[in-house]
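Next come the chains, spelled out residue by residue.
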Amino acid sequence: MLRAGIVGLPNVGKSTLFNALVANAKAEAANFPFCTIEPNTGIVSVPDERLGVLAKISSSAEILPARVEFVDIAGLVKGASQGEGLGNKFLANIREVDAIVHVVRCFDDPDIIHVAGSVDPARDIETITLELALSDLSQLEKRIERTRKAARTDKEAKLELEALEKVQAVLNDGKPARLANLTEEEEKATAFMGFLTRKPIIYAANVSEEDLANGNGWVDQVRELATSEGSEVVMVSAQVEAELVDLSAEERQDFLESLGVSEGGLKSLIHATYHLLGLRTYFTTGPKETRAWTIHAGMVAPQAAGVIHSDFERGFIRAETVAYQDLVTTGSMNAAKEKGLVRSEGKEYVVQEGDVMLFRFNV
């Protein structure tokens, strides 16, 4: 399961957003820094309308969506890399996640304290990035010292050293490690380092109710910065999302329409987080359940089967496969078979987004 860490400065709306993501979460949202000290975690279903359609076709008793685990990490401050504001503990929490959702304050409210005294998304992003980068540099410099000696005689150490020096050059230039252009071999050689600034990132621009439909100049700042580093921006309003939690589906839709939007930002955020690491979905469906399974792009059929159970991968024979849209168009698996749309795929088949699959295997 993908683990995404929600980070940002104190009082930018992280815990409010987290509470909206996992409606039954108990994270305290309060108007003072460090109200979150221990990271809160919550499991969130990935919204997918295809599940309901497949469940209807198969008369499934249960629907099981794909899931993402979100971790609400306490606010970082300037000096975190030197331990300020419990910084070392918070940085360690970030190191354990697969992806980062960086919440950036893009609203003005005199009643909510900003740790820097004013709203400035570019400055706030720079503060967080710098602290993560300083932590990476500290870790990297120690490793380079140890690796340089071994690289004189060891080819693997030499490869690692070259990769580390590429990352070091980018960090010294004030940029995140994810901008270092590493080869596939160099990526593997340094993966164990777990660089904070090499983790994929989504910027969640947190706006007021009034700006949810069209954004504002602060959101434009975030988008410009994200574009420069190849990251993504999702506009959300933690305030709106918190209000939506207790509304019925009809009331929710009416409220969103009154704000000039068709849906809140959380759906987009969940989807963006799910796809951030190149994840894909395939389905299994039948009378018992319709279920979404998460795989990495490029996985072949036996690997996809192994996500269900390792025995499926070891004993893989073939996969009966039909594209989601073909199944929906024909209306049933039998009808899809009659039209020749159900394929028998072997071990080399690369599973596609939305495939509906039934695995045949030896025990």
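Here the structure is shown first, and the text comes after it.
Quantities reported herein were computed from a predicted structural model and do not represent experimental measurements.

## Section: the packing of aromatic side chains
Link 1 in the chain: Scanning the entire structure with this criterion turns up four aromatic pairs.
Link 2 in the chain: Among the aromatic residues, ring-to-ring pairing joins Tyr282, Phe316 and Phe359 into one connected group.
Link 3 in the chain: Directly above the ring of Tyr324 sits Arg50, whose terminal nitrogen or CZ lies 6.0 Å from the centroid.
Link 4 in the chain: The cationic tip of Arg291 hangs over the ring face of Trp293; the distance from NZ or CZ to the ring centre is 4.2 Å.

## Examining the pattern of salt bridges
Link 1 in the chain: In the structure shown here, the tally under the stated rule is 16 salt bridges.
Link 2 in the chain: As a salt-bridge pair, Asp48 and Arg50 come within 2.8 Å of each other at their nearest N and O atoms. Both residues of the pair, Asp48 and Arg50, count as buried.
Link 3 in the chain: A salt bridge links Glu165 to Arg148; the shortest N-O distance between them is 3.4 Å. In this pair, Glu165 is assigned in helix H5 (residues 155–172) and Arg148 in helix H4 (residues 121–150), connecting sequence segments 17 residues apart.
Link 4 in the chain: Arg148 sits in the partly exposed class, given a relative accessible area of 39%.
Link 5 in the chain: Where salt bridges share partners, they join Asp48, Arg50 and Glu353 into one cluster.

## Quick look at the packing of helix H1 (residues 14–21) against helix H10 (residues 265–276)
Link 1 in the chain: Interhelical geometry of H1 versus H10 gives an angle of 85 degrees and a closest axis separation of 11 Å. On the basis of their axis angle, the class for H1 and H10 is roughly perpendicular. Where H1 abuts H10, its residues Leu17, Ala20 and Leu21 lie against Leu266, Leu269 and Ile270.
Link 2 in the chain: A breakdown of the residues in the contact of H1 with H10 according to their chemical character gives six nonpolar, no polar and no charged.

## Some details on helix H7 (residues 217–229)
Link 1 in the chain: Between its first and last C-alpha atoms H7 spans 19 Å; for 13 residues at 1.5 Å apiece the expected length is 18 Å, and the two agree.
Link 2 in the chain: When H7 is considered as a whole, its buried residues turn out to be Val219, Val222, Ala226 and Glu229. Angular distribution of buried residues about the axis of H7 spans 90 degrees; they occupy a single face of the element. Turned more than 90 degrees off the buried face of H7, the exposed positions are Glu224, Thr227 and Ser228.

## Focus on the nonpolar core
Link 1 in the chain: Of all hydrophobic cores here, the largest spans 67 residues; its most connected members are Phe70 and Ile94.
Link 2 in the chain: Formed by 17 residues, the second largest nonpolar core is a distinct cluster that contains Leu140, Ala151, Leu164 and Val170.

## Some remarks on unusual backbone geometry
Link 1 in the chain: Of note, the phi angle at Asn11 is positive, near 65 degrees, even though the residue is not glycine.
Link 2 in the chain: Tracing the backbone shows Asn11 in the loop between strand E1 (2–7) and H1.
Link 3 in the chain: Take Asn11: its relative accessible area is 11%, and that puts it in the buried class.
Link 4 in the chain: The residue Ser59 is not glycine, and still its phi comes out positive at about 55 degrees.
Link 5 in the chain: Among the structural elements, Ser59 can be located in the loop between helix H2 (49–58) and strand E3 (62–64).

## Examining the environment of Arg105
Link 1 in the chain: Along the chain, Arg105 falls in strand E5 (residues 99–105).
Link 2 in the chain: If we ignore the near neighbours within four places in the chain, the residues touching Arg105 are Asn11, Val12, Ile112, Ile113, His114, Val119, Pro121 and Asn206.
Link 3 in the chain: Engagement of the side chain of Arg105 in a polar contact is seen with the backbone oxygen of Asp109, the distance being 3.3 Å.
Link 4 in the chain: At 3.2 Å, the side chain of Arg105 forms a polar contact with the backbone oxygen of Ile112.

## Structural notes on the sheet that holds strand E6 (residues 201–206)
Link 1 in the chain: Taken in spatial order, the six strands of this open sheet run E2-E4-E1-E5-E6-E7, and their pairing is mixed. Since the sheet does not close on itself, it has two edges, and those belong to strand E2 (40–45) and strand E7 (232–236), each with one partner. When strand polarity is set aside, the average angle formed by the axes of neighbouring strands in this sheet is 25 degrees.
Link 2 in the chain: Bridge count for E1 against E5 is four bridges, and the pairing is parallel. Within E5, the residue paired with Ala4 across the bridge is Ala99.
Link 3 in the chain: Each of E5 and E6 touches H4; the most contacted strand, E5, lies at about 145 degrees to it.

Calculation criteria
Residues numbered from 1 in each chain as written. Predicted model: local features only at pLDDT ≥ 70, side-chain atom pairs only at ≥ 80, totals over all residues. Heavy atoms only, no water. Phe/Tyr/Trp six-rings, centres within 6.5 Å; stacked < 30°, edge-to-face > 60°. Lys NZ or Arg CZ within 6 Å of the ring centre and 35° of its normal. Salt bridge = Lys/Arg side-chain N within 4 Å of Asp/Glu carboxyl O. Buried < 20%, exposed > 50% of the residue type's maximum accessible area, 1.4 Å probe, protein only. Helix = DSSP H or I, 4+ residues; strand = E, 2+ residues; numbered from the N terminus. Axes fitted to C-alpha atoms, helices over the stretch in contact; angles between N-to-C directions. Parallel < 35°, antiparallel > 145°, perpendicular 65-115°, else oblique. Contact = heavy atoms within 4.5 Å. Nonpolar A, V, L, I, M, F, W, Y, C, P; charged D, E, K, R; others polar. Expected span 1.5 Å × (residues − 1). Arc of directions from axis to C-beta. Core = buried A, V, L, I, M, F, W, Y, C linked by side-chain atoms within 4.5 Å. Polar contact = N/O pair within 3.5 Å; in protein donor to acceptor, adjacent residues only side chain to side chain. Pairing = 2+ DSSP bridges.

Shape descriptors only; they carry no functional weight alone.
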